[in-house]
Amino acid sequence: MGMGKARALKNKVVMMQKTAKLTKAMNLVASAKVRKAQKAVIQSRPWNECLQSIFGGLSTRLSGDESLPLFDKREVKSLDLVVIMGDRGLCGGYNNNIIKKATDRKALLESQGIKVSLIVLGKKGFKRFFDEKGKVIDPILKYEMGNDASGAIAFELAEYVKKRFLSGESDACEIIFTKFKNMMTFTPSIRTMLPFSPTEITSAPDEIFQLTTKGGKLDVEKQTIPPAEPREYPSDMIFEQPPEKIVNMVVPLYLNGQVLRTMQESIASEMASRANAMQAATDNANELVVKLRLQFNRARQEAVTQEILEIVGGAEALAQAGGN
């Protein structure tokens, strides 16, 4: 009985060691993907900076009477709510936090009489939203998220919400995503995508996070980048097309870039959350290995002691039988 218990504990130790190796490997993979996601954010920065600069320069040539449909603010009766989450679990509370944020926001908007249409990125959100009767709400548009922010999906999504806004099907568009702050902090955030605000484009600073290694541990360096300086156009410059028309061509590109950026930040947050969850799982598995080894040693000692006692007892019994 004693040796059987010891063998069972030994098997558990081996199983926990394999689990720790697996979760450690998943932690390293997720950490590498955080680096990849942050690299994508840095590489996309010059494009957004260029669009910011162009718009800032063109805005000085506008009189204020031009027709800029994507800047048109009207009474909000219908709103598109874009929700970005992951395709898989094993990432702590990442998906549940976004679902809670989106559910609360949807309930608040509907309480104000606003019709909300859901657009979901990430398989974890396809069947997680319900109406007041408990029936699953099918999003009007849904995409799988994958491990990389897809430029094609960002473009298609930006075009879709832009067309709905311009046609009057929706009066505004908000996006709920996870803002990456550092390896331990990711905040579910809401950003208004449409209608645009000129000051948001020209005055909003940017934040870049770079994953580094300090003392053998992962760390994040934060860098705040001021908004791009408006491009200066000579006062006597003659545009082949009116500045109004150029602005209406530039702004959809900026919208596309912002959608891609929120996808990149969400992926970085998901991978960082997964890295943390797998690190915690690895630590727990290693702690359990230590405890199981103590139990195994104790059980083996008890089994050996029991066998010695049985041998001694048997020897004494034989001696007594021989003496008689």
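Another point: the sheet that holds strand S5 (residues 185–194). Read across the sheet, 5 strands follow the order S3-S2-S1-S4-S5 without closing on themselves; strand pairing throughout is mixed. Edge positions in the open sheet fall to strand S3 (141–143) and S5, since each of these has one partner strand only. Here the average twist between neighbouring strands, direction ignored, is 25 degrees. Direction of pairing for strand S1 (residues 78–84) relative to strand S2 (residues 115–121): parallel, over a ladder of 7 bridges. For Asp80, the partnering residue across the bridge sits in S2 and is Ser117. Docked against the sheet, helix H2 (residues 94–111) engages S1, S2, strand S4 (172–182) and S5, running at close to 150 degrees with respect to S4. Its contacts with the sheet place helix H3 (residues 151–167) against S1, S2, S3, S4 and S5, and it is angled at close to 170 degrees to S2.

This next bit is on the environment of Val289. Topologically, Val289 is positioned in helix H5 (residues 243–323). Residue Val289 is classed as buried on the basis of its relative accessible area of 6%. Here the alpha-carbon distance between Val289 and Val14, two residues 275 residues apart in the chain, equals 8.3 Å. Residues in contact with Val289, not counting those within four places in the same chain, are Val13, Met16 and Gln17.

With 45 residues, the main nonpolar core has Val82, Leu121 and Leu157 as its most contacted residues. Those elements giving two or more residues to this core turn out to be helix H1 (2–59), S1, S2, S3, H3, S4, S5 and H5. With 14 residues, H5 is the single largest residue contributor to this core. For Leu157, the residues in contact, after removing those within four places along its chain, are Val82, Ile119, Leu121, Leu141, Tyr143 and Val259. Grouped together as the second largest cluster of nonpolar side chains are 16 residues, Met85, Ala102, Leu109 and Ile176 included.

Time to look at the packing of aromatic side chains. The geometry of an aromatic ring pair comes down to the distance between the two centres and the angle between the two planes. If you walk through the whole model with that rule in mind, you get 2 aromatic pairs. Note on Phe71 and Phe196: the rings are 6.1 Å apart at their centroids and 45 degrees apart in plane angle, and the pair reads as tilted. Here Phe196 lies in the loop between S5 and helix H4 (198–203) and Phe71 lies in the loop between H1 and S1, a separation of 125 residues in the sequence. Residues Phe196 and Tyr254 carry aromatic rings whose centres are separated by 5.9 Å and whose planes lie at 55 degrees to one another, so their mutual orientation is tilted. Here the residue Phe196 occupies a position in the loop between S5 and H4, and Tyr254 occupies one in helix H5, the gap between them amounting to 58 residues. Residue Phe196 is classed as buried on the basis of its relative accessible area, which comes to 2%. By relative accessible area, Tyr254 is classed as buried at 6%. An aromatic cluster of three or more residues is present, and its members are Phe71, Phe196 and Tyr254. Directly above the aromatic system of Phe165 lies the positively charged group of Arg74, at a separation of 4.3 Å from the ring centroid. Above the face of the Phe126 ring, Lys142 is positioned so that its terminal group lies 5.1 Å from the ring centre.

Each value, and the rule that gives it
Residues numbered from 1 in each chain as written. Predicted model: local features only at pLDDT ≥ 70, side-chain atom pairs only at ≥ 80, totals over all residues. Heavy atoms only, no water. Pairing = 2+ DSSP bridges. Helix = DSSP H or I, 4+ residues; strand = E, 2+ residues; numbered from the N terminus. Axes fitted to C-alpha atoms, helices over the stretch in contact; angles between N-to-C directions. Contact = heavy atoms within 4.5 Å. Buried < 20%, exposed > 50% of the residue type's maximum accessible area, 1.4 Å probe, protein only. Core = buried A, V, L, I, M, F, W, Y, C linked by side-chain atoms within 4.5 Å. Phe/Tyr/Trp six-rings, centres within 6.5 Å; stacked < 30°, edge-to-face > 60°. Lys NZ or Arg CZ within 6 Å of the ring centre and 35° of its normal.

Read these as geometric descriptors, not functional statements.
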